[in-house]
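Given next are the chains, with one letter for each unit.
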Amino acid sequence: MVARPSLEELVAPARARAAALKAESLGVTLTTEIPRAYDRESALGNLFADLMRQAEPSADVAITNGGGLRADLPAGELTYGRLYESFPFDNQLTQVTTTGRVLYRMLEKNLRSRGGALSLSGVRVSASCTPGGLRVDARRANGARIREDERLTLVTTDFLATGGDNALGLAPDNAKVTVLEGRLVRDEMAKELRARRGALGASEFFDAKKPRWTLPGPRPLTCR
C-alpha cells in the first residue's frame, strides 16, 4: 500500500514559500515608526499614496483611504510581511480619468464624512468656511490650483474606484475607470520601495507644520 502524504506534508511547500516572502527585506530601514490614522492625515497614508503615484507616474493624483491602513509600520528593517500587515488587501491599481470638478466633489464629500480620511499624493488641499458654505482648494506641488474643468488622471485602488465604502462617489457618466489587471497595489508599493532603498522616517511623509490637508477644524466639517 502506497502511503498518502499527510495534509501537513502537502501544505509544507506553500508554507515555506509564504514564510520566505514574509521575511523578505525590501531594502528599506525605517528610522521611526510610520503610524496610521483612520480619520485624519497620517504618515502611513501619505507614504502609501506617494508609492501608488510613483507606480503610475502618468497620474496627477493618488488617493487611498484610512480604512485601508491596518497596521503601523514599526521602526527597523521593512519586510514584505510588515507591508502585508499594513495593507493586507489584494486590491489592484486603478486609473480614473475625470475632471477637477469631480475631484473637488470627492474632497468635499470626505470632509463632511465620518468615514476614513482620504490620503493624497500630488496635491495639497485647504478648506475654509465661507458665507457661501464650505470652500475647498486643491493645488499641485508648483502651487497651481486645479481647475474644475481640468482633465485629471487619478490612481487609486479598484475597491475605492468601484464604489467601496462609497468613499469617492464616482458615477459612470463623469469618470472612466480602468483597472490595471494584475498590478496588485501592495506589490507595486513593494517594487517602489525596493527601487528606493535606504532610510525613511515618518517626518518625510507628514509634517504637522505643512500638512497635505489644511482644515478649519476636525472632520466631519460643518459650515453654518
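Up top is the structure.
Residues numbered from 1 in each chain as written. Predicted model: local features only at pLDDT ≥ 70, side-chain atom pairs only at ≥ 80, totals over all residues. Heavy atoms only, no water.

**A word on the packing of helix 2 (residues 43–55) against helix 6 (residues 185–196)**
Line of reasoning, step 1. At a minimum axis separation of 9 Å, helix 2 and helix 6 run at an interaxial angle of 85°. Looking at the two axes, helix 2 sits roughly perpendicular to helix 6. Judged by residue contacts, Phe48, Leu51, Met52, Gln54 and Ala55 of helix 2 engage Val185, Glu188, Met189, Glu192 and Leu193 from helix 6.
Line of reasoning, step 2. Its residues assigned to classes, the contact of helix 2 with helix 6 shows seven nonpolar, one polar and two charged. (Axes fitted to C-alpha atoms, helices over the stretch in contact; angles between N-to-C directions. Helix = DSSP H or I, 4+ residues; strand = E, 2+ residues; numbered from the N terminus. Parallel < 35°, antiparallel > 145°, perpendicular 65-115°, else oblique. Contact = heavy atoms within 4.5 Å. Nonpolar A, V, L, I, M, F, W, Y, C, P; charged D, E, K, R; others polar.)

**Looking at the sheet that holds strand 1 (residues 25–30)**
Line of reasoning, step 1. Judged by pairing direction, the sheet is mixed, and its three strands sit side by side in the order 3-1-10 without closing on themselves. Edge positions in the open sheet fall to strand 3 (76–79) and strand 10 (198–200), since each of these has one partner strand only. With strand direction ignored, the average angle separating the axes of adjacent strands in the sheet is 40°.
Line of reasoning, step 2. As paired strands, strand 1 and strand 10 are joined by three bridges and run parallel to one another. Residue pairing in the sheet places Val28 in a bridge with Gly198 of strand 10.
Line of reasoning, step 3. In this fold helix 6 packs onto strand 1, strand 3 and strand 10, with an angle of close to 70° to the strand it touches most, strand 1. (Pairing = 2+ DSSP bridges.)

Read these as geometric descriptors, not functional statements.
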